[in-house]
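Next come the chains, spelled out residue by residue.
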Amino acid sequence: MELLHPHCAGLDVHKESVVACIRHMVDGKVTTRVQTFQTTTQGLMALLDWLAAEGCTHIAMEATGVYWKPVWHILSDGEFELTLANAAHVKNVPGRKTDVNDATWLADLMAHGLIRPSFVPDEPTQQMRDLLRTRKQFVRERSTHTQRIQKTLEDANIKLDSVITDIVGLSGRRMIEALIAGQTDPQDLAALAHGRIHATKEELEAALRGRVRGHHRFMLRLHLNHLQAVEEAIASIDQEVSAQLEPFRLAVEMLTTIPGISSLAAEVMVSEIGIDMSRFKTEGHLISWAGLCPKNDESAGKRRSNRMKKGAPWLKTTLIQCAWAASRTKGSYLQAQYLRIHRRGSRFHPHRRLSHAQERHPIPGSRSKPLR
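A short tour of the structure in this document, coming up. (Residues numbered from 1 in each chain as written. Predicted model: local features only at pLDDT ≥ 70, side-chain atom pairs only at ≥ 80, totals over all residues. Heavy atoms only, no water.)

So, about the overall build of the protein chain. For the protein chain, the count of helices and strands is 13 helices and seven strands. Against the 2.2 N^0.38 benchmark of 21 Å for 372 residues, the protein chain shows a C-alpha radius of gyration of 28 Å, more extended than a compact globule. Its C-alpha atoms give the protein chain principal-axis dimensions of roughly 90 × 60 × 45 Å. In the protein chain, which comprises 372 residues, the share counted as buried stands at 38%. (Helix = DSSP H or I, 4+ residues; strand = E, 2+ residues; numbered from the N terminus. Rg over C-alpha atoms; globule rule 2.2 N^0.38 Å. Buried < 20%, exposed > 50% of the residue type's maximum accessible area, 1.4 Å probe, protein only.)

Below is the structure:
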């Protein structure tokens, strides 16, 4: 097998330490040197100096949680070509796993060019990705606290969700605040509802007649305070995203012209994919990387499983939501394509039609006309 990198290194990264293996090829003879370094900044600087002194040119490391990031950041200051490997792609022979063996194995794979590099975005993209991933976690937490408020109201026999769509919206929050303050009269509570609520006054009064105790008021206040703190955190993240959006603004504006893609969804796409599309040979490679196409699993001429792989989970969920939204965008090509296939009675997943996103012009005339 052809040797591509005669002077390379493999790093087995852990939380507390890094095992580094230098692999040299001189006059057809392979020599290796292994050392262990601490993951403190001082230890990583010593690792950088040692690799540079050994004449290392290429370095490979596994993507182990978040532990590889500080190692990557410090080694990127050196004159190395760094490669981040997916752990599933560089598994060694079972039963021979040690830190030294792992580092040596990575160095051997790197020397022969057998490691497929994973995508490591630049620093602005990483910062945007951290912000939007944290925002999504806060949104999930907000939904959790809303459900806890609903659970407490049900325990007090307050059927607020049966008459109001959003129990923590304008009207619902007014009523919950009044309940916490000690108000129990259904008529006074119903008078706090906004005029656009579809429920009648009698329905509101019936839903708000319950048995609210001191324990319920304490729990409602506890969850409501936490909910408000989460909402303030989300608003703060939105401000920070807007402040850092300038390098990605043009890409976000272009993405929002596609039916079903909002500004927030476009920001998530840019933060997960980046704006340099040269790393993807075709749109099919991007779809495969996102985990939105069936995997290849064939043996003895039989296809065993065509389930989609996990792919990029943060991006994948956003694309699926956008695809469903696009299928409901009236007068768009994507909705017409969805309805055309859906009428056949076949199973259809709209996120698999994202390659048609560039055809975003409305179709004139009747839906019975053939599509482009």
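Take the pairing of strand S2 (residues 17–26) next. Of all the ten residues making up S2, eight are buried; the element is thus mostly covered by neighbouring parts of the structure. Sheet topology places strand S1 (residues 7–13) next to S2; seven bridges connect them, and they run antiparallel. Each residue of the ladder has a partner; that of His7, found in S2, is His24. Here S1 hands over to S2 after three residues, the two strands then running antiparallel side by side. The pairing of S2 with strand S3 (residues 29–38) spans ten bridges and is antiparallel. Bridge pairing in S3 places Cys21 opposite Val34. Hairpin connection from S2 to S3: two residues lie between these consecutive antiparallel strands, with Asp27 at a positive phi of about 55°. (Pairing = 2+ DSSP bridges.)

This part covers the nonpolar core. Of all hydrophobic cores here, the largest spans 26 residues; its most connected members are Ile149, Leu153, Leu160 and Ile176. At the level of elements, helix H4 (123–155), helix H5 (170–181), helix H6 (186–190), helix H7 (201–207) and helix H8 (214–243) are the ones that each hand at least two residues to this core. Leu153 has contacts with Ile158, Leu160, Ile167, Ile176, Leu179 and Leu220, leaving out every residue within four places of it along the chain. (Core = buried A, V, L, I, M, F, W, Y, C linked by side-chain atoms within 4.5 Å. Contact = heavy atoms within 4.5 Å.)

Attention shifts here to the pattern of salt bridges. Applying the stated criterion to the full structure yields ten salt bridges. Here Glu54 makes a salt bridge to Arg33, at a shortest N to O gap of 2.4 Å. Here Glu54 is found in the loop between helix H1 (41–53) and strand S4 (58–62), whereas its partner Arg33 is found in strand S3, with 21 residues between them in sequence. Take Arg33: its relative accessible area is 41%, and that puts it in the partly exposed class. Lys97 is the partner of Asp102 in a salt bridge, and the nearest nitrogen-oxygen pair spans 2.5 Å. Residue class for Lys97 comes out exposed when judged on its relative accessible area of 64%. Within this structure, Arg129, Arg133 and Glu272 form a network of salt bridges that share partners. (Salt bridge = Lys/Arg side-chain N within 4 Å of Asp/Glu carboxyl O.)

One turn of the α-helix equals 3.6 residues, which is why residues spaced by three or four share an orientation. With 30 residues, H8 should cover 44 Å at 1.5 Å per step; its first-to-last C-alpha distance of 44 Å lies within 8% of that length. Of the residues making up H8, those classed as buried are His216, Leu220, His223, Leu224, Leu227, Val230, Ile234, Ile237 and Val241. Considering only its buried residues, H8 is in contact with H4, H5 and helix H10 (263–273). (Expected span 1.5 Å × (residues − 1).)

This part is about the sheet that holds strand S5 (residues 81–85). Here five strands make up an open sheet; going across it, the order is S3-S2-S1-S4-S5 and the pairing mixed. Only two strands of the sheet have a single partner each, and these edge strands are S3 and S5. Across the sheet, the axes of successive neighbouring strands diverge by a mean angle of 20°, strand direction being ignored. By the bridge criterion, five bridges tie S4 to S5 in an arrangement that is parallel. From the neighbouring strand, His58 faces S5, where its bridge partner is Glu81. (Axes fitted to C-alpha atoms, helices over the stretch in contact; angles between N-to-C directions.)

Everything listed here is a matter of coordinates, which is why it stays silent on function.
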